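Chain by chain, the residues:
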Amino acid sequence: MTKGVLLYCFDTADTNYHKILERCVYLIKKNLQLEITVVTNYESFKKLKPLGFVNYKFVEPELGNTKNGKEWRNVDRHMSYDLSPYDTTLVMDIDYFPFTDNLKQFLNTKYDFLVSKDAYDLTDRNSFAYRRWSMIDMVWATVFVFRKGPKAKRIFDTIKYVKKYYAYFNEMYRVYAKNFRNDYAFAIALEQANGFINYDTLPFALATLPPDCEVVKFTDDGVAWQYNDQVMYTEQQDVHVLNKEIKNV
Amino acid sequence: MNIGELKNKSDLSYNIAVAKRNALEKANSRMIVVYNEHIFRADPETINLVNVLKENNSNFFVLDTNNNPVEITNPEEFLKTLIERNQESLSSYHQMAKTFEQRGD
């Protein structure tokens, strides 16, 4: 039974995601000690510094999606089932930094697909209560675990179907955001594939720093950030950092 | 107290309140434990339930965090796992709380 982490990294004109990937890979190796496969394109790959033993899969990212008026190359997550070389896979956004080994244990469950429904705002502003923006609970495709088999395949096939007809599903579920979001594609697919009833989830909220928080320090143990005139920090806690300027810290 | 001092006190209180909430959230995340391929929360409720059931049965059934039933065949080991993770989480929270005291709250 093979286990590993699958990451996606595509640089854009605005953001050098490969710099963020380098930090993420370092922390995965240090804290999760799992094999890593990076899905990327040659343009991003050639800028990477040597990362040690990492597998690469080259694909050309699907273009056209935007976020806040900027290019957003994030629509390839539905291919994870096909791209992962592992029996059990942890898929993470590269801006989710594992400062602990918490995630590793979820590769050892009997569940075929696990994803979190909640995010926790580290600035205590409850910025991520997106539930009010749609008819269904949103999931956070930032981190999810799947084990290859008929059930996971069915879920990913449904995700692909939802992606293909995203505008329709987006309207049907009255999703507020009109750009493509993996979070909603996954939420809709899970709802559909599980017969419109509850599905299994990761029982924790993803600690998240909102985009208006500037990361001022990044160490092996945690991050410090500035919001307004306040500087705060957290250590030994996995953190999802939404401000992409982290690459410069 | 002038307005500057008041702002400093207020900022400090805010910082400590948010840091405390984050530390508690961190502890809650760390309390999640996988045992026997199922996910559990090593919280007082689970620990007390397992402890009580263990008194009367050598094996028993509990629900995991997704409400799936799990047969526990080694209660001693399970309880030890839960307590270890619970205390590890709270020990970290306790250390953080000490720093709050030093900062003046």
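Analysis parameters
- Residues numbered from 1 in each chain as written.
- Chains lettered and ligands numbered in written order.
- Predicted model: local features only at pLDDT ≥ 70, side-chain atom pairs only at ≥ 80, totals over all residues.
- Heavy atoms only, no water.
- Helix = DSSP H or I, 4+ residues; strand = E, 2+ residues; numbered from the N terminus.
- Rg over C-alpha atoms; globule rule 2.2 N^0.38 Å.
- Buried < 20%, exposed > 50% of the residue type's maximum accessible area, 1.4 Å probe, protein only.
- Contact = heavy atoms within 4.5 Å.
- Areas by Shrake-Rupley, 256 points an atom, 1.4 Å probe, with all protein chains shown as cover.
- Axes fitted to C-alpha atoms, helices over the stretch in contact; angles between N-to-C directions.
- Parallel < 35°, antiparallel > 145°, perpendicular 65-115°, else oblique.
- Left-handed = near helix turned anticlockwise from the far one by under 90°.
- Nonpolar A, V, L, I, M, F, W, Y, C, P; charged D, E, K, R; others polar.
- Buried area = accessible area lost by both parts, 1.4 Å probe.
- Salt bridge = Lys/Arg side-chain N within 4 Å of Asp/Glu carboxyl O.
- Polar contact = N/O pair within 3.5 Å; in protein donor to acceptor, adjacent residues only side chain to side chain.
- Expected span 1.5 Å × (residues − 1).
- Arc of directions from axis to C-beta.
- Core = buried A, V, L, I, M, F, W, Y, C linked by side-chain atoms within 4.5 Å.
- Patch = residues over 30% accessible without salt bridge, like charges linked within 9 Å, V, L, I, M, F, W, Y side chains within 5 Å.
- Pairing = 2+ DSSP bridges.

A. Fine view of the overall build of chain A. Of the regular secondary structure elements, chain A holds six helices and 16 strands. Taken over C-alpha atoms, the radius of gyration comes to 17 Å for chain A, in line with the 18 Å a tight globule of 249 residues would show. Each principal axis of the C-alpha distribution contributes one length, and for chain A these read about 45 × 40 × 35 Å. In chain A, which comprises 249 residues, the proportion classed as buried is 60%. Of the contacts formed within chain A by residues at least 6 apart in sequence, a portion of 73% connects residues at least 24 apart. Counting every atom, chain A has about 10600 Å² of accessible surface; 49% of that belongs to carbon and sulfur.

B. Focus on the packing of helix H2 (residues 44–56) of chain B against helix H3 (residues 75–102) of chain B. Residue and element names in this part refer to chain B. Two numbers describe how H2 lies on H3: the axes approach to 10 Å, and their chain directions differ by 155°. Judged by the inter-axis angle, H2 sits roughly antiparallel to H3. For the crossing formed where H2 meets H3, the hand is left-handed. Taken together, the residues of H3 that come into contact with H2 (itself represented by Pro-44, Thr-46, Ile-47, Val-50, Asn-51 and Lys-54) are Pro-75, Glu-76, Phe-78, Leu-79, Leu-82, Ile-83 and Asn-86. Each residue belonging to the contact of H2 with H3 can be placed in one class, and the counts come to eight nonpolar, three polar and two charged.

C. Up close: the interface of chain A and chain B. With 30 residues of chain A in contact, the opposing surface of chain B contributes 25 residues. Summed over both partners, the interface of chain A with chain B buries about 2400 Å², with 46% contributed by carbon and sulfur atoms. Its largest share of buried area at the contact with chain B, chain A owes to Tyr120(A), Pro203(A) and Gln230(A), together 22% of the area lost on that side. For the pair chain A and chain B, the interface holds three salt bridges. The closest approach of N and O atoms between Arg30(B) and Asp101(A), which form a salt bridge, is 2.6 Å. Here chain A and chain B share 18 residue pairs in polar contact (both at pLDDT 80 or more) between them.

D. A look at helix H4 (residues 150–164) of chain A. Residues and elements named next belong to chain A. Given a rise of 1.5 Å per residue, 15 residues ought to cover 21 Å, and the 21 Å separating the end C-alpha atoms of H4 matches this to within 8%. By the burial criterion, the buried members of H4 are Ala-152, Ile-155, Phe-156, Thr-158, Ile-159, Val-162 and Lys-163. When H4 is viewed along its axis, its buried side chains cluster within an angular range of 155° and face the same direction. Exposed side chains of H4 directed beyond 90 degrees from the buried face belong to Pro-150 and Lys-164. Taken together, the buried residues of H4 touch helix H3 (80–83), strand S8 (113–116), strand S10 (140–147), helix H5 (166–172) and helix H6 (182–193).

E. The nonpolar core, seen in detail. If you look at the biggest cluster of nonpolar residues, it comprises 98 residues, and the most contacted ones within it are Leu7(A) and Met92(A). Here this core gets eight residues from one element, more than from any other, and that element is helix H1 (residues 17–32) of chain A.

F. Layout of the environment of Leu34(A). Residue and element names in this part refer to chain A. Within the secondary structure, Leu-34 is located in the loop between H1 and strand S2 (35–40). Note on Leu-34: relative accessible area 13%, which makes it buried. Between the C-alpha atom of Leu-34 and that of Lys-3, which follows or precedes it by 31 residues, the distance is 7.2 Å.

G. Region of the structure containing a nonpolar patch on the surface. Residue and element names in this part refer to chain A. Together, Tyr-161, Tyr-165, Tyr-168 and Met-172 make up a nonpolar patch on the protein surface, roughly 440 Å² of accessible area in all. Checked against the element boundaries, Tyr-161 lands in helix H4. Look at Tyr-161 and you get partly exposed, because its relative accessible area is 48%.

H. Looking closely at the pairing of strand S13 (residues 214–218) of chain A. Residues and elements named next belong to chain A. In terms of strand pairing, S13 meets strand S14 (residues 222–227) through four bridges, oriented antiparallel. By the bridge assignment for S14, Val-215 is matched with Trp-225. Connecting S13 to the next strand, S14, in antiparallel fashion are three residues.

I. Just the sheet that holds S13(A), in detail. Taking strand neighbours across the sheet as the criterion, the three strands line up as S13-S14-S15 (chain A) in an open arrangement whose pairing is antiparallel. Both edges of this open sheet fall to S13 and strand S15 (230–235) of chain A, since each of them pairs with a single strand only. Between one strand axis and the next, the sheet turns by 25° as a mean value, whatever way the strands run. Bridge analysis of S14(A) against S15(A) gives six bridges, and the strand direction is antiparallel. When the sheet's bridge partners are listed, Gly222(A) is paired in S15(A) with Glu235(A). The sheet strands contacting helix H1 (residues 3–30) of chain B are S14 and S15 of chain A, and the helix crosses S15(A) at an angle near 20°.

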